[in-house]
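# Structural features, examined
As a plain string of letters, each chain reads:
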Amino acid sequence: MRIQKKTILYAAGVLACGNIVLQVLGFLYRVLLSHYAGAEGLGVYRLVHSVYLVCNAGCLSGITMACSRLSAASEARGERSKINMVLRLAFVVFFSACLFCGACLLLGGNWIAGGILGDARCARAFPFMMLCLALTGIENIFKSLFIGLERMQYAATSEVCEQLIRIATVWFLLYQYEGDDYGTIAMLIFVGMVVSEVFSAAFLSLLFRNWKTPGIHHVRLDYETVRQFFFIALPVSASALLGNAISSAGSILLPKRLMVAGMNYEQALSALGVLSGMAMPLLLLPIALVSSVCTALLPAVTAAQATENNKRVQALVGRAITTVGLIAVPATAVLIPLAPKLSMLFFGQSLSAPYVSLLGATAVICYYQMASGSLLNAIGLQHWNVVVSVGAELCQVILMYRWCALPWLGIYGYLIAMLMTGLIAFILNFIILYRKVGFSLQPLRRFGVPLFCGTALFFWTRIFYQLFSQICSSDITMLACTVICVGLLYIIVLRLMGIRLLHYLSKRIEKPYLPRLHMW
């Protein structure tokens, strides 16, 4: 099948290829960090990174969403003269917010590290963290603009090169340091991030300067564009800022509550490092594909709504929910039986089966919540996404605070809280989408087929794993054979049910009926 450019399948394919490479590189990066920093070092880095996430969310999340949506709408309406206007406005707003965050960290960095994070060693990384934020802002604004214009290849190329530079730089710095001061290790990690962001910011800036399109020229800011920009940016920024602040508060409180349950400080910090730096990234490997579909659909949904093509909006929203399930549920079902072996092989860290199973279920719900929240932003219902996501994060921290202090639950209290609040948030997002867009529910198609495929692959993965563990002498060969056989089985199951995933993504309008089940 020939894939045409400027289609959802092409955009999703380009992003998926880039994200898969990024996931592989990111996985190797975490293996590198676990080798040089250890679980406690990753815990210290996670504390610093929680501050970075809050600053990033407040300064960037709404701005990048506004850039993507306004550039996509301008392209759909043929109003390309607004693109430079949006870009200039985005930089002014971002650097104003970035200077405010920098002033707060400059004046109160030691207090934030010692009083809020509970570890004074974190303060050493703050200056490089702010420099990283400034460069990340330049990169992400250009990247969101290109995504809105459906130039996905620029974003994918920048991300892959940035990750390669980051891995090389961080490895070199940590290899040369060879110390055990975890505050210095966190600082060196952010130094490596700064070096990689310099490349991305310069690369995307140069691409935009050389990307000459007729109709794009300097125009004065008008009131309507500024109003639309802040109407999109403010709710999304508020949602991301509050959500990340609450989530970061959870990361800060988690070690303290685990200490109440009976752990010492080093054990509690190691538990945070294992969860955030090893187990969760391992179970979130399918996010490379899921985020690609969500990102590719966002400008398409925005453009369809801008031209008042309601049927296409309904088709794209329904297609997004179904595709997320067809990718996320089976992929996670394959990872759950293999995760303990993968964790021991790459991180040298053992994970129990109940721990992995609960974390896998949480990851699937996270994918659905992410997709539904992105769709709410795409159709202009970002205020509802603010309410739902912030409410879910707040409930999660409250439940975590109570349950993690129970000795018989411990870290499982945090996992159960994530699962329950994520599920409720997705259900609310789904109801809002249905009432606003009016797409066909089709629960068997949206959720039944992915669940059936995931259940089948879970059991077959265990069968293949046991079979190849007796045949293959190498662990990597055994895991590779298992994944290949399960992947082929998944394709066969989809074909038996009459589903071609690539063809499904490439269709312009979704068919309203369930694929026929062929049995032979």
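Residues numbered from 1 in each chain as written. Predicted model: local features only at pLDDT ≥ 70, side-chain atom pairs only at ≥ 80, totals over all residues. Heavy atoms only, no water.

What follows is about the overall build of the protein. Along its length, the protein carries 15 helices and 0 strands. When the accessible surface of the protein is totalled, it reaches about 22700 Å², and 67% of it is carbon and sulfur. (Helix = DSSP H or I, 4+ residues; strand = E, 2+ residues; numbered from the N terminus. Areas by Shrake-Rupley, 256 points an atom, 1.4 Å probe, with all protein chains shown as cover.)

The next thing to look at is the environment of V437. By the element assignment, V437 lies in helix α12 (residues 411-437). Classification of V437 by relative accessible area gives buried; the value is 13%. Measuring from C-alpha to C-alpha, the distance between V437 and K311 comes to 9.2 Å, with 126 residues separating the pair along the chain. Filtering out sequence-adjacent residues up to four positions away, V437 remains in contact with V313, Q314, V317 and I379. (Buried < 20%, exposed > 50% of the residue type's maximum accessible area, 1.4 Å probe, protein only. Contact = heavy atoms within 4.5 Å.)

Our focus in this paragraph is the pattern of salt bridges. For the structure shown, the criterion picks out 5 salt bridges. With a shortest N-O distance of 3.3 Å, R166 and E197 are connected by a salt bridge. You can see R166 sitting in helix α4 (residues 152-177) and its partner E197 sitting in helix α5 (residues 182-210), a full 31 residues away along the chain. With respect to burial, R166 and E197 carry one shared label: buried. (Salt bridge = Lys/Arg side-chain N within 4 Å of Asp/Glu carboxyl O.)

On to helix α2 (residues 82-116), then. Over its 35 residues, α2 runs only 43 Å from end to end, short of the ideal 51 Å by more than 12%, given 1.5 Å per residue. By the largest-angle criterion, G108 marks the main kink of α2, which is about 80°. G118 sits one or two positions beyond α2 and adopts a positive phi of about 80°. (Expected span 1.5 Å × (residues − 1). Bend = angle between axes of the 7 residues up to and from the residue.)

Under the counting rule described, the total for this entry stands at 18 aromatic pairs. Ring-pair connections join several aromatic residues into one group, and the members of that group are F91, F94, F95, F142 and F208. When the ring centre of Y401 is taken as origin, the NZ or CZ atom of R257, which lies over that ring, is 3.7 Å away. (Phe/Tyr/Trp six-rings, centres within 6.5 Å; stacked < 30°, edge-to-face > 60°. Lys NZ or Arg CZ within 6 Å of the ring centre and 35° of its normal.)

Structurally, the position occupied by N140 is in helix α3 (residues 126-148). Judged by its relative accessible area of 17%, N140 falls in the buried class. If we ignore the near neighbours within four places in the chain, the residues touching N140 are L60 and T64.

Another point: a nonpolar patch on the surface. The grouping of I20, V24, L28 and L289 at the surface amounts to a nonpolar patch, some 320 Å² of accessible area in total. Here L28 is to be found in helix α1 (residues 8-77). (Patch = residues over 30% accessible without salt bridge, like charges linked within 9 Å, V, L, I, M, F, W, Y side chains within 5 Å.)

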